[in-house]
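# Structural overview
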Amino acid sequence: MITEIFNPIISHKMAQLRDKKTSTKLFRMLVEEIAMLMLYEVGKNFESKEIEIETPLMPCRVKVLDEKKFVVVPILRAGLGMTEGVLKILPGAAVGHIGLYRDEKTHLPIEYYSKMPPNLDEKILLVTDPMLATGGSASEALQMLKDKGAKKIIFMCIVAAPQGIKKVSEDHPEIPIYTAAIDEGLNENCYILPGLGDAGDRIFGTL
Ligand code: PRP
Ligand code: URA
(Lines give C-alpha, C1' and ligand atoms only; values in the text may rest on other atoms or scores of the structure.)
(Ligands and ions follow the chains in the order given, each with its own letter.)
Protein backbone atom coordinates (compact mmCIF):
# COMPACT_ATOMS: atom_id res chain seq x y z
CA MET A 1 0.00 0.00 0.00
CA ILE A 2 3.00 2.35 -0.32
CA THR A 3 3.29 4.62 -3.35
CA GLU A 4 6.45 6.66 -3.93
CA ILE A 5 5.47 9.41 -6.32
CA PHE A 6 8.01 9.96 -9.10
CA ASN A 7 7.70 13.24 -10.92
CA PRO A 8 10.50 15.56 -12.10
CA ILE A 9 8.67 18.64 -10.80
CA ILE A 10 8.30 17.11 -7.33
CA SER A 11 11.98 15.97 -7.41
CA HIS A 12 13.02 19.52 -8.25
CA LYS A 13 11.02 20.91 -5.33
CA MET A 14 12.37 18.14 -3.03
CA ALA A 15 15.94 19.14 -3.85
CA GLN A 16 15.23 22.67 -2.62
CA LEU A 17 13.32 21.39 0.40
CA ARG A 18 16.19 19.18 1.57
CA ASP A 19 18.81 21.92 1.19
CA LYS A 20 19.82 23.28 4.60
CA LYS A 21 20.30 26.74 3.04
CA THR A 22 16.58 27.00 2.17
CA SER A 23 14.85 29.76 4.16
CA THR A 24 11.79 29.22 6.37
CA LYS A 25 9.66 31.20 3.94
CA LEU A 26 10.68 29.09 0.92
CA PHE A 27 10.53 25.85 2.94
CA ARG A 28 6.92 26.53 3.95
CA MET A 29 6.00 27.33 0.36
CA LEU A 30 7.67 24.16 -0.94
CA VAL A 31 5.87 21.92 1.58
CA GLU A 32 2.56 23.41 0.44
CA GLU A 33 3.43 23.04 -3.26
CA ILE A 34 4.64 19.45 -2.90
CA ALA A 35 1.42 18.49 -1.06
CA MET A 36 -0.58 20.09 -3.85
CA LEU A 37 1.37 18.22 -6.55
CA MET A 38 1.12 14.93 -4.64
CA LEU A 39 -2.65 15.26 -4.46
CA TYR A 40 -2.77 15.02 -8.26
CA GLU A 41 -1.42 11.45 -7.94
CA VAL A 42 -3.39 10.58 -4.78
CA GLY A 43 -6.60 11.81 -6.44
CA LYS A 44 -6.33 9.38 -9.34
CA ASN A 45 -8.38 6.89 -7.30
CA PHE A 46 -11.01 9.35 -6.03
CA GLU A 47 -14.59 8.49 -6.93
CA SER A 48 -16.43 11.12 -8.97
CA LYS A 49 -20.15 11.46 -9.64
CA GLU A 50 -21.81 12.62 -12.85
CA ILE A 51 -23.96 15.75 -12.85
CA GLU A 52 -25.50 17.88 -15.57
CA ILE A 53 -24.48 21.51 -16.07
CA GLU A 54 -25.09 24.02 -18.87
CA THR A 55 -22.15 25.29 -20.90
CA PRO A 56 -22.84 28.61 -22.68
CA LEU A 57 -23.83 26.43 -25.67
CA MET A 58 -25.70 23.37 -24.38
CA PRO A 59 -26.30 20.98 -21.48
CA CYS A 60 -23.29 18.81 -20.63
CA ARG A 61 -22.71 15.86 -18.30
CA VAL A 62 -19.58 16.37 -16.18
CA LYS A 63 -17.74 14.45 -13.47
CA VAL A 64 -17.24 16.13 -10.11
CA LEU A 65 -15.91 15.25 -6.66
CA ASP A 66 -18.04 15.61 -3.57
CA GLU A 67 -15.60 17.94 -1.81
CA LYS A 68 -17.64 17.86 1.40
CA LYS A 69 -16.75 14.19 1.81
CA PHE A 70 -13.07 15.05 2.33
CA VAL A 71 -11.44 15.85 5.65
CA VAL A 72 -7.81 16.94 5.72
CA VAL A 73 -6.23 15.85 9.00
CA PRO A 74 -2.85 17.43 9.72
CA ILE A 75 -0.80 15.85 12.48
CA LEU A 76 0.29 18.94 14.42
CA ARG A 77 2.47 20.77 13.96
CA ALA A 78 4.26 19.87 10.77
CA GLY A 79 1.21 18.41 9.01
CA LEU A 80 -0.29 21.91 8.95
CA GLY A 81 2.28 22.86 6.31
CA MET A 82 0.79 20.35 3.85
CA THR A 83 -2.84 21.19 4.67
CA GLU A 84 -2.87 24.51 2.82
CA GLY A 85 -1.68 22.75 -0.35
CA VAL A 86 -4.43 20.13 -0.14
CA LEU A 87 -7.06 22.81 0.57
CA LYS A 88 -6.01 24.77 -2.52
CA ILE A 89 -7.21 21.80 -4.59
CA LEU A 90 -10.11 20.75 -2.34
CA PRO A 91 -11.30 24.03 -0.77
CA GLY A 92 -14.60 22.45 0.28
CA ALA A 93 -12.88 19.91 2.55
CA ALA A 94 -13.17 20.12 6.33
CA VAL A 95 -10.05 20.15 8.51
CA GLY A 96 -9.64 17.97 11.59
CA HIS A 97 -6.60 18.30 13.85
CA ILE A 98 -4.55 15.78 15.78
CA GLY A 99 -1.87 17.08 18.12
CA LEU A 100 1.04 14.69 18.70
CA TYR A 101 4.67 15.27 19.51
CA ARG A 102 7.54 12.84 19.84
CA ASP A 103 9.03 12.60 23.30
CA GLU A 104 12.65 13.66 22.84
CA LYS A 105 14.05 10.77 24.90
CA THR A 106 11.77 7.85 24.11
CA HIS A 107 10.79 9.07 20.59
CA LEU A 108 7.27 7.84 21.37
CA PRO A 109 4.25 9.96 20.34
CA ILE A 110 2.36 11.92 23.02
CA GLU A 111 -1.19 13.12 22.23
CA TYR A 112 -2.10 16.67 23.27
CA TYR A 113 -5.04 17.70 21.07
CA SER A 114 -7.79 16.34 18.83
CA LYS A 115 -10.77 17.96 17.09
CA MET A 116 -12.63 16.22 14.28
CA PRO A 117 -15.76 16.98 12.29
CA PRO A 118 -18.81 14.69 12.90
CA ASN A 119 -19.75 11.58 10.87
CA LEU A 120 -16.17 10.49 10.23
CA ASP A 121 -17.46 7.10 9.02
CA GLU A 122 -18.89 8.80 5.88
CA LYS A 123 -15.74 10.79 5.07
CA ILE A 124 -12.49 10.32 3.20
CA LEU A 125 -9.65 11.38 5.48
CA LEU A 126 -6.41 12.73 4.03
CA VAL A 127 -3.96 12.58 6.92
CA THR A 128 -0.92 14.78 6.39
CA ASP A 129 2.49 14.78 8.06
CA PRO A 130 5.65 15.57 6.10
CA MET A 131 7.79 13.08 8.05
CA LEU A 132 7.26 9.34 8.55
CA ALA A 133 10.28 8.36 10.67
CA THR A 134 9.75 5.51 13.17
CA GLY A 135 6.07 5.56 12.24
CA GLY A 136 5.02 5.93 15.88
CA SER A 137 3.19 9.25 15.40
CA ALA A 138 1.43 8.23 12.19
CA SER A 139 0.40 4.84 13.52
CA GLU A 140 -0.99 6.40 16.72
CA ALA A 141 -2.86 9.11 14.78
CA LEU A 142 -4.36 6.57 12.38
CA GLN A 143 -5.51 4.40 15.30
CA MET A 144 -7.12 7.44 16.97
CA LEU A 145 -9.02 8.19 13.77
CA LYS A 146 -10.18 4.58 13.42
CA ASP A 147 -11.32 4.63 17.06
CA LYS A 148 -13.40 7.72 16.24
CA GLY A 149 -15.11 5.81 13.44
CA ALA A 150 -13.07 6.68 10.34
CA LYS A 151 -13.33 4.02 7.64
CA LYS A 152 -11.53 5.52 4.62
CA ILE A 153 -8.11 6.96 5.38
CA ILE A 154 -5.20 7.93 3.12
CA PHE A 155 -1.84 8.90 4.64
CA MET A 156 0.28 11.50 2.83
CA CYS A 157 3.86 12.28 3.82
CA ILE A 158 6.76 13.91 2.01
CA VAL A 159 9.72 11.86 3.28
CA ALA A 160 9.38 8.32 4.60
CA ALA A 161 11.93 6.03 6.24
CA PRO A 162 11.65 2.28 5.59
CA GLN A 163 11.10 1.74 9.35
CA GLY A 164 8.07 4.05 9.35
CA ILE A 165 6.60 2.46 6.25
CA LYS A 166 6.99 -0.98 7.85
CA LYS A 167 5.33 0.08 11.11
CA VAL A 168 2.33 1.80 9.49
CA SER A 169 1.89 -1.00 6.93
CA GLU A 170 1.92 -3.63 9.68
CA ASP A 171 -0.37 -1.70 12.05
CA HIS A 172 -2.75 -0.44 9.33
CA PRO A 173 -2.38 -2.66 6.26
CA GLU A 174 -5.55 -1.26 4.64
CA ILE A 175 -4.37 2.38 4.67
CA PRO A 176 -2.60 3.60 1.53
CA ILE A 177 0.58 5.59 2.13
CA TYR A 178 1.76 8.16 -0.42
CA THR A 179 5.22 9.72 -0.16
CA ALA A 180 7.38 11.93 -2.35
CA ALA A 181 10.54 10.07 -1.25
CA ILE A 182 11.62 6.89 0.52
CA ASP A 183 14.90 7.66 2.28
CA GLU A 184 17.75 5.48 3.59
CA GLY A 185 16.90 5.16 7.28
CA LEU A 186 17.13 6.81 10.69
CA ASN A 187 19.97 8.19 12.80
CA GLU A 188 20.40 7.51 16.54
CA ASN A 189 17.87 10.29 17.33
CA CYS A 190 15.33 8.79 14.93
CA TYR A 191 15.77 11.57 12.36
CA ILE A 192 15.39 10.53 8.74
CA LEU A 193 18.62 10.26 6.68
CA PRO A 194 19.30 12.08 4.45
CA GLY A 195 15.89 13.64 5.19
CA LEU A 196 15.43 17.36 5.58
CA GLY A 197 15.91 17.91 9.31
CA ASP A 198 13.09 18.86 11.67
CA ALA A 199 10.11 19.64 9.45
CA GLY A 200 8.08 21.44 12.13
CA ASP A 201 11.00 23.67 13.09
CA ARG A 202 11.79 24.49 9.46
CA ILE A 203 8.14 25.28 8.62
CA PHE A 204 7.56 27.47 11.65
CA GLY A 205 11.03 28.99 12.08
CA THR A 206 11.60 27.54 15.55
CA LEU A 207 15.14 26.32 14.82
C1 PRP B 1 7.64 15.03 13.66
C2 PRP B 1 6.90 14.77 12.38
C3 PRP B 1 6.05 13.58 12.72
C4 PRP B 1 6.95 12.80 13.65
C5 PRP B 1 7.56 11.68 12.88
O6 PRP B 1 6.86 15.71 14.56
O7 PRP B 1 6.18 15.88 11.93
O8 PRP B 1 4.83 13.90 13.36
O9 PRP B 1 7.96 13.71 14.10
O10 PRP B 1 8.30 10.89 13.69
P11 PRP B 1 7.92 9.38 14.03
O12 PRP B 1 7.54 8.74 12.74
O13 PRP B 1 9.20 8.81 14.59
O14 PRP B 1 6.82 9.38 15.03
P15 PRP B 1 7.41 16.24 15.96
O16 PRP B 1 7.16 15.23 17.02
O17 PRP B 1 8.82 16.69 15.78
O18 PRP B 1 6.45 17.44 16.29
P19 PRP B 1 6.21 18.82 15.51
O20 PRP B 1 5.44 18.49 14.25
O21 PRP B 1 5.41 19.59 16.47
O22 PRP B 1 7.53 19.44 15.20
N1 URA C 1 10.59 14.42 12.50
C2 URA C 1 11.16 15.35 11.69
O3 URA C 1 10.70 16.51 11.63
N4 URA C 1 12.23 14.98 10.97
C5 URA C 1 12.74 13.75 11.02
O6 URA C 1 13.72 13.47 10.31
C7 URA C 1 12.13 12.80 11.85
C8 URA C 1 11.04 13.17 12.57
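Heads up: these notes are all about the structure in this document. It should be emphasised that the depicted structure is a prediction, and the values quoted were computed from it without experimental measurement. The residue count restarts for each chain, going from 1 along the sequence in the order it is written. Think of it this way: whatever chain is written first is A, whatever ligand is written first is 1, and the rest follow in order. Two thresholds apply to this predicted model, a pLDDT of at least 70 for residue-level local features and 80 or more for giving and counting side-chain atom pairs, whereas whole-chain, interface and lining totals are computed over all residues. Hydrogens and water molecules were not included; the side-chain quantities draw on all heavy atoms of the structure.

### Regarding helix α3 (residues 79-89)
Applicable threshold: Summary of the burial criterion: residues with accessible area below 20% of their type's maximum are buried, those above 50% are exposed, and those between are partly exposed, where the area comes from a 1.4 Å probe applied to protein chains only. Each helix is a run of DSSP H or I of at least 4 residues and each strand a run of E of at least 2, with the numbering of both proceeding from the N terminus. Contacts are assigned to residue pairs that have any heavy atoms within 4.5 Å of one another.
What α3 keeps buried is the set Gly 79, Gly 81, Met 82, Thr 83, Gly 85, Val 86 and Leu 87. Tucked into the core, α3 has its buried residues touching α2 (24-42), β4 (70-76), β5 (94-95), β8 (124-128), β10 (152-160) and α6 (199-204).

### Section: the packing of α2 against α3
Going by this rule: In this analysis, axes come from line fits to C-alpha atoms, helices being fitted only over the stretch in contact, and the angle between any two N-to-C directions falls in the range 0 to 180 degrees. Each angle gets one of four labels, with under 35 degrees taken as roughly parallel, over 145 as roughly antiparallel, 65 to 115 as roughly perpendicular, and the rest as oblique. Definitions for this section: a left-handed crossing has its near helix turned counterclockwise from the far helix by less than a right angle. A right-handed crossing has that turn clockwise. The residue classification treats Ala, Val, Leu, Ile, Met, Phe, Trp, Tyr, Cys and Pro as nonpolar and Asp, Glu, Lys and Arg as charged. All others, Gly included, are polar.
In contact at an axis separation of 7 Å, α2 and α3 are set at 45° when each is read in the N-to-C sense. Looking at the two axes, α2 sits oblique to α3. Of the two possible hands of crossing, α2 and α3 adopt the one that is right-handed. When α2 is examined against α3, the residues Val 31, Glu 32, Ala 35, Met 36 and Leu 39 are found in contact with a partner set consisting of Gly 81, Met 82, Glu 84, Gly 85, Val 86, Lys 88 and Ile 89. Residues belonging to the contact of α2 with α3 are distributed by class as follows: seven nonpolar, two polar and three charged.

### A short note on the pattern of salt bridges
The test is simple: Salt bridges, as used here, are contacts in which a Lys or Arg side-chain nitrogen is within 4 Å of a carboxyl oxygen on Asp or Glu.
Counted under the stated rule, the structure contains 11 salt bridges. Residue Asp 171 pairs with Lys 167 through a salt bridge whose shortest N-O separation is 2.7 Å. One end of the pair, Asp 171, and the other, Lys 167, are both in helix α5 (residues 162-171), four residues apart, so they sit about a helical turn from each other. Here the salt bridges do not stand alone but share partners, grouping Glu 50, Glu 52 and Arg 61 into one network.

### A few points about the packing of aromatic side chains
For the record, the criterion: Within 6.5 Å between ring centres, the rings of Phe, Tyr and Trp (the latter by its six-membered ring) count as paired, and their orientation is classed by plane angle as stacked under 30 degrees, edge-to-face over 60, tilted in between.
According to the stated counting rule, one finds two aromatic pairs in the structure shown. Ring centres 4.7 Å apart and planes at 50° place the aromatic pair Phe 46 and Phe 70 in the tilted group. Pair noted here: Phe 46 is in the loop between α2 and β2 (49-54) and Phe 70 is in strand β4, with a separation of 24 residues, a long-range link. Ring centres 6.0 Å apart and planes at 40° place the aromatic pair Tyr 101 and Tyr 112 in the tilted group.

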